[in-house]
Amino acid sequence: MSLARRAGPEDAAEVLRLRQVMIDSLWSAGGTGATDWHTESLPVLRERLARTDGDFAAFVVDHPGRPGSLAALAAGTVDYRIGKAGNPRGRVGHVFSVATDPGARRRGHARACMEELLTWFRARDAGHVLLNASPAAEPLYASLGFTRDPDPSMRLLL
């Protein structure tokens, strides 16, 4: 039995806290650490976590030393893209938020969350799964079978 469980609406505030941990660790040099966006994001996240049949899921591990707190998080979505060779159904998983509370690291919590998220992607017939990896997290993802992609991504902020 896994340590990880599917997050529910009651976990929303802690999910946001762990997402902020991830954001702060990725952009510590240039990040603002701003959390004012949490207020607007919280009701939307609660609503999304309440849906168990949609295209979004988050898996969490409860913090063993702090009741009511989370130790780790892995969240993702399944999107549709026009099919292609290797993924004719066009279903693509995207992992966008993996974080572990600083006091709970190196105990397998993120791995447990990722394994549950990958099971969720497989159950939804995702042909492949994408993620962006920090150098510190790359060994975890490689051990789960992820490989580096030569990605020509571009971004437009709207």
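Before reading on, note that the structure itself is shown above.
Not measured: the values here are computed from a predicted model. (Residues numbered from 1 in each chain as written. Predicted model: local features only at pLDDT ≥ 70, side-chain atom pairs only at ≥ 80, totals over all residues. Heavy atoms only, no water.)

**Q** Please explain the pattern of salt bridges as it appears in this structure.
**A** Two side chains that carry opposite charge are able to pair once their charged atoms sit near each other. By the definition in use, this model includes nine salt bridges. R17 serves as the salt-bridge partner of D101, at 2.7 Å between the closest nitrogen and oxygen. With a gap of 84 residues between them, D101 in the loop between β4 (91–100) and α3 (109–123) and R17 in helix α1 (residues 12–26) connect regions that are remote in the sequence. A relative accessible area of 5% places D101 in the buried class. Using a relative accessible area of 24% as the deciding quantity, one classes R17 as partly exposed. With its nearest N and O atoms 3.0 Å apart, the salt bridge here joins R66 to D101. (Salt bridge = Lys/Arg side-chain N within 4 Å of Asp/Glu carboxyl O. Helix = DSSP H or I, 4+ residues; strand = E, 2+ residues; numbered from the N terminus. Buried < 20%, exposed > 50% of the residue type's maximum accessible area, 1.4 Å probe, protein only.)

**Q** In this structure, what is going on with the side chain of D101? I would like to understand it.
**A** A distance of 3.0 Å separates the side chain of D101 from the side chain of R66, its partner in a polar contact. In contact with D101, other than residues within four places in its own chain, are R17, L18, H63, R66, L70 and A71. (Polar contact = N/O pair within 3.5 Å; in protein donor to acceptor, adjacent residues only side chain to side chain. Contact = heavy atoms within 4.5 Å.)

**Q** Can you walk me through α1 in this structure?
**A** Each α-helix turn comprises 3.6 residues. Residues three or four places apart therefore point the same way. Between the first and last C-alpha of α1 there are 21 Å, a value that for 15 residues agrees with the 21 Å anticipated at 1.5 Å per step. Here α1 has its buried residues at A12, E14, V15, L16, L18, Q20, V21 and M22. Residues of α1 that are buried sit in contact with α2 (37–50), β2 (56–62), β3 (70–80) and β4. (Expected span 1.5 Å × (residues − 1).)

**Q** Where do I start with the pairing of strand β5 (residues 128–131) in this structure?
**A** For β4 and β5, the ladder comprises four bridges, and the chain directions are parallel. Paired with G93 across the two strands is V129, which belongs to β5. Following the chain from β4 across α3 to the adjacent parallel β5, one finds a crossover that is right-handed. (Pairing = 2+ DSSP bridges. Right-handed = clockwise from strand over helix to strand, strands pointing away.)

**Q** Even after reading the chapter, I still don't get unusual backbone geometry, so can you show me in this structure?
**A** Leaving glycine aside, a negative phi is the common case for residues, and trans is the common case for peptide bonds. In this structure, R106 takes a positive phi of about 65° despite not being glycine. Secondary-structure assignment places R106 in the loop between β4 and α3. Note on R106: relative accessible area 84%, which makes it exposed. Unusually for a residue other than glycine, D125 sits at a positive phi of about 60°. You can see D125 is positioned in the loop between α3 and β5.

**Q** Explain the nonpolar core to me, please; I cannot follow it from the model alone.
**A** Most often, soluble globular proteins have nonpolar side chains that are buried together. Counting 26 residues, the largest nonpolar core has M114, L117, F121 and Y141 as the members making the most contacts within it. Of all the secondary-structure elements, those providing two or more residues to this core are β2, β3, β4, α3 and α4 (138–143). Tallying contributions element by element places α3 first for this core, with eight residues. The contact partners of F121, leaving out residues within four places of it in the chain, are G76, T77, V78, G93, H94, V95, A126 and V129. Formed by 16 residues, the second largest nonpolar core is a distinct cluster that contains L49, L70, L73 and A99. (Core = buried A, V, L, I, M, F, W, Y, C linked by side-chain atoms within 4.5 Å.)

**Q** Help me out: how do you make sense of the sheet that holds β5 in this one?
**A** Sheet strands pair via backbone hydrogen bonds, and the direction of the pair is either parallel or antiparallel. Pairing is mixed in the open sheet, where five strands are placed in the order β1-β2-β3-β4-β5. Two strands bound the open sheet, and with one partner strand each, they are β1 (5–6) and β5. Where β3 meets β4, nine bridges bridge the pair, whose relative direction is antiparallel. By the bridge assignment for β4, Y80 is matched with R91. Against the sheet, α3 touches β1, β2, β3, β4 and β5, its axis set at about 25° to β3. (Axes fitted to C-alpha atoms, helices over the stretch in contact; angles between N-to-C directions.)

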